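Read off the chains here:
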Amino acid sequence: MPCLICDRIAMIRAGTNPHFVAELDTGYVVLGDHQRFCGYTLFLCKQHANELHELEHNFKLRFLEEMSLVAEAVYHAFAPNKLNVELLGNGDTHLHWHIFPRRAGDTPQPGPVWWLPWEEMCAESTKPSDAERGDMIARLKHELEKLR
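Fair warning: this is a prediction, and the values are worked out from it, not measured in the lab.

Chemist: I keep staring at helix α4 (residues 130–147) and nothing clicks. Help me out?
Modeler: An α-helix turns once per 3.6 residues; consequently, residues spaced three or four apart project the same way. The end-to-end C-alpha distance of α4 is 26 Å, a good match for the 26 Å that 18 residues give at a rise of 1.5 Å each. Turning to α4, its buried residues number three or more, namely R133, M136, I137, L140, E143 and L144. Projected down its long axis, α4 shows its buried positions confined to an angular sector of 130°, all on one face. Residues A131, E145 and K146 are exposed on α4 and point more than 90 degrees away from its buried face. In this fold, the buried residues of α4 make contact with β1 (20–23), β2 (27–31), β3 (41–45) and α2 (57–78).

Printed below as a string of structure tokens:
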């Protein structure tokens with residue numbers, strides 16, 4: 001079965017992923033394709049694994065540490081009120097963190113982003129322009145470099 005995350009990583013390695021921000025020891029930082037939540041970022045594990053406990057101990061600890069570093073950089077780059085950091089997996093079998101910058105009133109009622117209709121989360125209007133994406137990548141890269 002094809003893996004969307006492995007495909008995205010292959011694009012990063014080929015230099016064709018326009019959402020790529022940075023490579024860390026254990027994963028790749030990318031902006032989300034859609035920015036319904038401005039600054040939405042993902043951290044993709046370099047190793048194809050379904051669960052944290054499948055990773056070798058030291059790699060796992062470093063992956064968790066780097067996820068925290070990415071989340072902090074997102075916080076500084078996009079100045080949200082709160083971050084939602086999630087490691088989910090209903091369809092993808094490749095570890096990846098979702099980092100959602102949250103702001104007061106960003107959803108009709110308080111709760112997880114996933115309560116929004118998928119069509120709203122991935123609306124064409126939530127895709128940043130090339131210039132907007134470039135600015136967001138530069139801001140996030142700058143914050144990551146400051147923390148490293």
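Chemist: Before we go on, may I ask you to explain the nonpolar core in this structure?
Modeler: Proteins that are soluble and globular tend to have nonpolar side chains buried together. Formed by 27 residues in total, the largest nonpolar core has its most connected members in V21, V29, F43, V70, L140 and L144. Per-element accounting of this core gives the leading share, ten residues, to α2. The residues contacting F43, other than those within four sequence positions of it, are L24, T26, G27, Y28, V29, F63, E66, M67, V70, L95, H96 and W97. Counting 14 residues, the second-largest nonpolar core is a separate cluster that includes Y28, L44, L116 and M121.

Chemist: I keep staring at the environment of L31 and nothing clicks. Help me out?
Modeler: As for its placement among the helices and strands, L31 is situated in strand β2. The exposure class of L31 is buried, given its relative accessible area of 2%. As a C-alpha pair, L31 and L140 span 109 residues in sequence and 9.1 Å in three-dimensional space. Excluding residues that lie within four positions of it along the chain, L31 makes contacts with H19, V21, Y40, T41, L42, R133, M136, I137 and L140.

Chemist: When you look at the packing of aromatic side chains in this model, what are you seeing that I'm missing?
Modeler: Two measures describe an aromatic ring pair: the distance that separates the ring centres and the angle between the ring planes. Per the stated rule, a full pass over the model turns up six aromatic pairs. Relative to W97, the ring of F63 has its centre 6.3 Å away and its plane inclined at 45°; by these criteria the two rings are tilted. Of this pair, F63 sits in helix α2 while W97 sits in strand β5 (residues 96–102), placing them 34 residues apart in sequence. Residue classification places F63 among the buried residues on the basis of a relative accessible area of 0%. Members of the aromatic cluster, joined through ring pairs, are F37, Y40, F100 and W114.

Chemist: How should the sheet that holds β5 be read in this particular structure?
Modeler: By definition, the strands of a sheet pair up through backbone hydrogen bonds, in either a parallel or an antiparallel sense. Read across the sheet, five strands follow the order β1-β2-β3-β5-β4 without closing on themselves; strand pairing throughout is antiparallel. A single partner strand is all that each edge strand has here, and the edge strands are β1 and β4 (82–87). Adjacent strand axes in the sheet meet at a mean angle of 20°, parallel and antiparallel pairs treated alike. Direction of pairing for β4 relative to β5: antiparallel, over a ladder of six bridges. Looking at the pairing, L83 lines up with P101 of β5.

Reading the values: the criteria
- Every chain is numbered on its own, with residues counted from 1 as its sequence reads.
- For a predicted model such as this one, the threshold for reporting local features is a pLDDT of at least 70, and the threshold for listing and counting side-chain atom pairs is 80 or more; totals across whole chains, interfaces and linings nevertheless cover every residue.
- To get the side-chain values, all heavy atoms of the structure are used, and hydrogens and water are removed first.
- Under the scheme used here, helices are H or I runs from DSSP no shorter than 4 residues and strands are E runs no shorter than 2 residues, and both carry numbers assigned from the N terminus.
- An expected span of 1.5 Å times one less than the residue number is assigned to each helix.
- Three labels apply to residues, based on accessible area from a 1.4 Å probe with only protein chains included: buried if under 20% of the type maximum, exposed if over 50%, partly exposed otherwise in between.
- Each direction from the helix axis to a C-beta atom contributes to the arc, which is the arc of those directions.
- By the convention used here, residues are in contact when the closest approach between their heavy atoms is within 4.5 Å.
- Nonpolar cores are built from buried Ala, Val, Leu, Ile, Met, Phe, Trp, Tyr and Cys residues. Side-chain atoms within 4.5 Å join them into one set.
- Aromatic rings from Phe, Tyr and Trp, taking only the six-membered ring of Trp, are treated as a pair when their centres fall within 6.5 Å; an angle between ring planes under 30 degrees marks them as stacked, one over 60 as edge-to-face, and anything in between as tilted.
- At least two DSSP bridges between two strands are needed for those strands to be called paired.
- All axes here are fitted lines through C-alpha atoms, helices being fitted over the stretch that makes contact, and every angle between N-to-C directions spans 0 to 180 degrees.

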